Protein chains: 2
Amino acid sequence: MHAEVVIRALSALAQEHRLAAFRLLVQAGEEGIAAGVLAEKLEVPASSMSFHLAQLANAGLVSQRRESRSIIYSADYSAMNGLMDYLTENCCGGIPCGEDAACNTEAKRRTA
Amino acid sequence: MHAEVVIRALSALAQEHRLAAFRLLVQAGEEGIAAGVLAEKLEVPASSMSFHLAQLANAGLVSQRRESRSIIYSADYSAMNGLMDYLTENCCGGIPCGEDAACNTEAKRRTA
DNA sequence: TCGATATTTCCATAGTTATCGAATCATCGG
DNA sequence: CCGATGATTCGATAACTATGGAAATATCGA
């Protein structure tokens, strides 16, 4: 993953509504969530939501599919993992991920 | 870690020069790097570098100390781990960190 | 104290991003 | 085909971010 792509992903997530939308999409899993539903849940006008979803899509963090009149968005886990990979490798250098750092703490907490 | 803080950290990293600076600081470890050295390495005017470092500091990702005439910046690993924590917990939900996801892949690669 | 060095603050400016109503496009049911 | 529904695109505007030179601040050595 190049720095340029990483920056686009970070920029995409660095916004209140987009971070919130992405969290919901991650929770929703494969099934995804329609644009209108996201707009309603986040109390954002449809055109604004569309703008934000386009940013997330442009960053490769979400994919979309049409289902009748709705457009369903879903999180792209591999893109997110690519981002985590980059951050772990380049920005967590001093405290590698296998000891007491974030990722592992989470992993343990999760399986506990 | 609240969403607000997370967004500030993501915004801070979502910029070419700041991401590059932070990577260097992570590599440098406790010792840190002086503002002027960073400016020179990244080929950015001193005042611009100062601006970017202020953003990183504001996000809590770096700390600074004066050492004679220089101001030495160093990465705050715990803040970065806090960010990783949040992302793992909120944005990697579907594929928890203990299986094939980024963090663990990294951890294994690192200790191998 | 003076001059040099390291950095930040100030300021103007250019560029980018967010917002949201209105217009447009796509799909469906009848 | 028509009206309704779900979504995007357009366009204007406001807000924020990045840039970099000049001035100000802090520290040092002599």
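Residues numbered from 1 in each chain as written. Chains lettered and ligands numbered in written order. Predicted model: local features only at pLDDT ≥ 70, side-chain atom pairs only at ≥ 80, totals over all residues. Heavy atoms only, no water.

Under the annotation held in an unreviewed UniProt entry, chain A carries the name Transcriptional regulator, ArsR family and is attributed to Novosphingobium mathurense.

Trainee: Lay out the pattern of salt bridges in plain terms, naming residues and giving numbers.
Mentor: According to the stated counting rule, one finds four salt bridges over all chains in the structure shown. The residue A:Arg8 makes a salt bridge to A:Glu4 at a minimum N-O spacing of 3.9 Å. Here the residue A:Arg8 and the residue A:Glu4 both occupy positions in helix H1 (residues 3-13), the gap between them amounting to four residues, near one helical turn. A residue is classified by how much of its surface remains accessible, and A:Arg8, at 35% relative accessible area, is partly exposed. When the shortest N-O distance is used, the salt bridge between B:Glu67 and B:Arg65 registers 3.1 Å. (Salt bridge = Lys/Arg side-chain N within 4 Å of Asp/Glu carboxyl O. Helix = DSSP H or I, 4+ residues; strand = E, 2+ residues; numbered from the N terminus. Buried < 20%, exposed > 50% of the residue type's maximum accessible area, 1.4 Å probe, protein only.)

Trainee: Describe the protein's contact with DNA strand C, listing the residues and the values that go with them.
Mentor: Around DNA strand C there are 22 residues in total, and A:Arg18, A:His52, A:Arg69, B:Gly36 and B:Tyr73 lie nearest to it. Within 4 Å of the protein, the contacting atoms of DNA strand C are drawn from sugar and phosphate to the extent of 66%. In the environment of DNA strand C, a phosphate oxygen lies 3.3 Å from a nitrogen or oxygen atom belonging to the backbone of B:Ala35. A distance of 2.3 Å separates a phosphate oxygen of DNA strand C from a polar side-chain atom of B:Tyr73. Those elements giving two or more residues to the surface near DNA strand C turn out to be helix H2 (16-28) and helix H4 (46-58) of chain A together with helix H3 (35-42), helix H4 (46-58) and strand S3 (70-75) of chain B. The greatest single-element share of the surface near DNA strand C, amounting to five residues, is contributed by H4(A). (Near = heavy atom within 4 Å. Polar contact = N/O pair within 3.5 Å; in protein donor to acceptor, adjacent residues only side chain to side chain.)

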